[in-house]
Amino acid sequence: MGEGSARPVWAFLVSPYALYLLILLIVPFANVALFSIQTYSPTKIILPELTLVNYLKLFDPYYARLFGRTLKLGLITTVICAVLGYPLAYFLARARPRVATIGLFLLIMPLMVSTVIRVFGWIVILGRKGLVNKALMAFGLEPLKLLYNETAVVIGLVNIFMPFMVLPLMASIERIPPSLEEAAQNLGANWYRMFARTILPLSVPGLISGCLLVYSISISAFVTPALMGGRRERMVGQQIYDEVLVSFNWPSASSLALTLVLLTLVLLFAALYATRRASRLETGR
Amino acid sequence: MRGRTRWVLLPFVILVYLGLLAPLVVVIAVSFGPSPAFEFPPSGLTLRWFAAFFDSKPFVASFFRVSLVVGLVAAAAATVLGTAAAVGLVRFRFFGREGLETFFLMPLLVPQILLGAALYLFYASLEIHPSLMTLLLAHVIICTPYVIRSVTAGLVGMDPRLEEAAMSLGATPLQAFFKVTFPLLQSSLLSGAIFAFIISFSDINLALFLSGPESTSLPVHLFSQIQWEGDPTIAAASSLQIVIIGALILLVQRTFRLRLMV
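Residues numbered from 1 in each chain as written. Chains lettered and ligands numbered in written order. Predicted model: local features only at pLDDT ≥ 70, side-chain atom pairs only at ≥ 80, totals over all residues.

Here the focus is the overall build of chain A. From N to C terminus, chain A includes 13 helices and 2 strands. A compact globule built from 285 residues would reach a C-alpha radius of gyration of about 19 Å, whereas chain A, at 24 Å, exceeds it by more than 25%. Summarising its shape, the C-alpha atoms of chain A cover approximately 80 × 75 × 30 Å along the three principal directions. The 285 residues of chain A split such that 47% are buried. (Helix = DSSP H or I, 4+ residues; strand = E, 2+ residues; numbered from the N terminus. Rg over C-alpha atoms; globule rule 2.2 N^0.38 Å. Buried ≥ 20, exposed ≤ 12 C-beta atoms within 10 Å, placed from the backbone.)

Facing 74 residues of chain B, the contacting portion of chain A comprises 70 residues. Per-element accounting of the side of chain B that touches chain A gives the leading share, 16 residues, to helix 1 (residues 3-32) of chain B. (Contact = placed C-beta atoms within 7 Å.)

Now for the environment of A:Leu212. Looking at the element boundaries, A:Leu212 is found in helix 10 (residues 204-218). Contacts of A:Leu212, omitting those with residues within four sequence positions, involve A:Leu267, A:Leu268, A:Ala270 and A:Ala271.

The next thing to look at is the packing of helix 3 (residues 57-91) of chain B against helix 7 (residues 132-156) of chain B. For any two helices packed against each other, the geometry is given by the interaxial angle and the distance between the axes. All names here are of chain B. Put simply, helix 3 and helix 7 touch, their axes get as near as 5 Å, and they point 40 degrees apart. Judged on the interaxial angle alone, helix 7 and helix 3 are oblique. Two packed elements cross with a definite hand, and for helix 3 against helix 7 that hand is right-handed. For the contact of helix 3 with helix 7, a count of residues per class yields 23 nonpolar, 6 polar and 1 charged. (Axes fitted to C-alpha atoms, helices over the stretch in contact; angles between N-to-C directions. Parallel < 35°, antiparallel > 145°, perpendicular 65-115°, else oblique. Left-handed = near helix turned anticlockwise from the far one by under 90°. Nonpolar A, V, L, I, M, F, W, Y, C, P; charged D, E, K, R; others polar.)

Let us look at the confidence of the model for chain B. Across chain B, the average pLDDT comes to 93, with 99% of residues at 70 or higher. Taken together, the chains of this predicted complex give a pTM of 0.93 and an interface ipTM of 0.93. (pLDDT = per-residue confidence, 0-100.)

The next thing to look at is the packing of helix 1 (residues 9-36) of chain A against helix 3 of chain B. Between helix 1 of chain A and helix 3 of chain B, whose axes approach to 8 Å, the crossing angle comes to 130 degrees. Accordingly, the angle class assigned to the pair helix 1 of chain A and helix 3 of chain B is oblique. Seen from above, helix 1 of chain A lies across helix 3 of chain B with left-handed handedness. Residues A:Trp10, A:Leu13, A:Val14, A:Pro16, A:Tyr17 and A:Tyr20 of helix 1 of chain A lie in contact with helix 3 of chain B, whose contacting residues are B:Leu81, B:Gly82, B:Ala84, B:Ala85, B:Val87, B:Gly88 and B:Leu89. In the contact of helix 1 of chain A with helix 3 of chain B, the residues fall into 11 nonpolar, 2 polar and no charged.

End to end, helix 7 (residues 150-174) of chain A covers 35 Å across 25 residues, agreeing with the expected 36 Å (1.5 Å per residue, within 8%). Summarising burial for helix 7 of chain A: 22 of the 25 residues are buried, a large majority. (Expected span 1.5 Å × (residues − 1).)

Omega for the peptide link from B:Phe40 to B:Pro41 comes to -5 degrees, which places this bond in the cis form. Structurally, B:Pro41 is set in the loop between helix 1 and helix 2 (48-55). One non-glycine residue, A:Phe248, lies in positive phi territory at about 55 degrees. Examined against the element boundaries, A:Phe248 turns out to sit in the loop between helix 12 (236-245) and helix 13 (250-283). Residue classification places A:Phe248 among the partly exposed positions, given that 15 C-beta atoms sit within 10 Å. Residues other than glycine seldom take positive phi values, yet B:Glu229 does so here, at roughly 50 degrees. Tracing the backbone through its elements, the reader meets B:Glu229 in the loop between helix 11 (218-227) and helix 12 (233-255). For B:Glu229, a count of 10 C-beta atoms within 10 Å puts it in the exposed group.

All names here are of chain A. Examined bridge by bridge, strand 1 (residues 38-41) and strand 2 (residues 45-50) share 4 bridges and lie antiparallel to one another. What sits directly across from Ser41, in strand 2, is Ile45. Linking strand 1 to strand 2, which pair antiparallel, is a turn of 3 residues. (Pairing = 2+ DSSP bridges.)

If you look at soluble globular proteins, the nonpolar side chains tend to sit buried side by side. Counting 167 residues, the largest nonpolar core has A:Ala89, A:Ala257, B:Ala85, B:Ala117, B:Ala118, B:Leu119 and B:Ala196 as its most contacted members. The leading source of residues in this core is helix 7 of chain A, at 17 residues. Those residues within four positions of B:Ala117 in sequence are excluded, and the remaining contacts are A:Ile240, A:Val244, A:Ala253, A:Ala257 and B:Phe209. (Core = buried A, V, L, I, M, F, W, Y, C linked by C-beta atoms within 7 Å.)

This next bit is on helix 1 of chain A. All names here are of chain A. For helix 1, spanning 28 residues, the distance from its first C-alpha to its last is 40 Å, which sits close to the expected 40 Å at 1.5 Å a residue. Bending of helix 1 peaks at approximately 40 degrees at the position of Ser15, with proline Pro16 no more than four residues after it. Taken residue by residue, helix 1 has Trp10, Leu13, Val14, Tyr17, Leu21, Leu24, Leu25, Pro28, Phe29, Val32, Phe35 and Ser36 as its buried positions. (Bend = angle between axes of the 7 residues up to and from the residue.)

So this is what it looks like as structure tokens:
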């Protein structure tokens, strides 16, 4: 196949999905952009009068707090994921093939199960009569209100998005030859010094892409805060859902969605760039 | 890894796996427990919640008529679209190829809840109501990149001279592809199709916006049941999904490289 043929065969191959995305991804977001600069009307939902009100509104205390809380919860989630995920990534990267195979299955399988099921599991664990409170009561302690607050949301987000931290980190640690560790230790560095001087700096690209991935996914979370969070401590995803399906303020929902999608894309392209740069530095190009 | 390092890492490793697996273990345990409250550890063993699942019309419809059907059709459509796109991207050199490669990743970069909202608003402005079709079309968007990923990996690892040899023996390019390359691509095609199915089958973010009253998918039905504090039928339905997805992931790990897929 290929080079010699006069007909552009590649165009027949790539254009179906390219057109599909054009119609069902690009056009819908263009539509969102258009909605976001139009006027809301309680009776007609949208009036074709251009305005910037929907964006200026983002600076209102309510929306500023909403974004502030969302970005804060995303940050806490990311830091905890990095601290807990790093040791696991190192463990898997240096494990024997058999252990790594099982470890990888146990990491990816939960990730593919619907979020709603994993959140449900956490509700059962943290609920008033859940596992944790039963244990507390068995020790004669008062049951705690563990659900429907920010802590519960962070617990949910950390556990649900952990694999997105571990996988890129694991990939970047794997590329560091184990002989480097041995050399450092043979030269007299203790394990912690060796780790701080060789592994940690060399795995920074993986850490960056893991952090950006987890952060960008957690700031657009919906199911976890909707089922585990308090009514007063909502995240942007919930606000968008309500404004689209409950209060029908589509112009406002559109400005929120467009802001969030642009923020996410900037972060994720930074992650892609970090990964590509790292692999380029390695191959010396 | 030296002995002491392993002991220092172990508590973190166990903690993370506990966090990842605990909710699944708890859900499965609750589905076999006799108590209508979500009791863990269960005080007995019963199949009544599975019986309740198969007796419940909304659960059976959402599982078999919506999620399973949409998952299979979306996987089939994604496999066709994705395989064609992957072959085009790997086997040909043309202007804008790298840009197109990134463009085909976009569905994975855009937050799903926002894609769902955007599609809902788009359909609304065309006065199209949510249905099985709107859900299916949306799922194909996010499933196809997984097929592209696995087929690309399969093609990159393959020697293009095999096809050239077939053609120099008189095969047309199409014959060469279908008789030589295609059979060798089977495991990556299968993994791509399986992942496409899983992505559709477990999706909630798009389905929240795009499944209509007659086309509620299993995760959406679970979502509303959890909000209304239903009984462990929720856990029984969830256990079925966990088992199906677990088996499929195992299959991918046996036939292909699981690492590539996520």
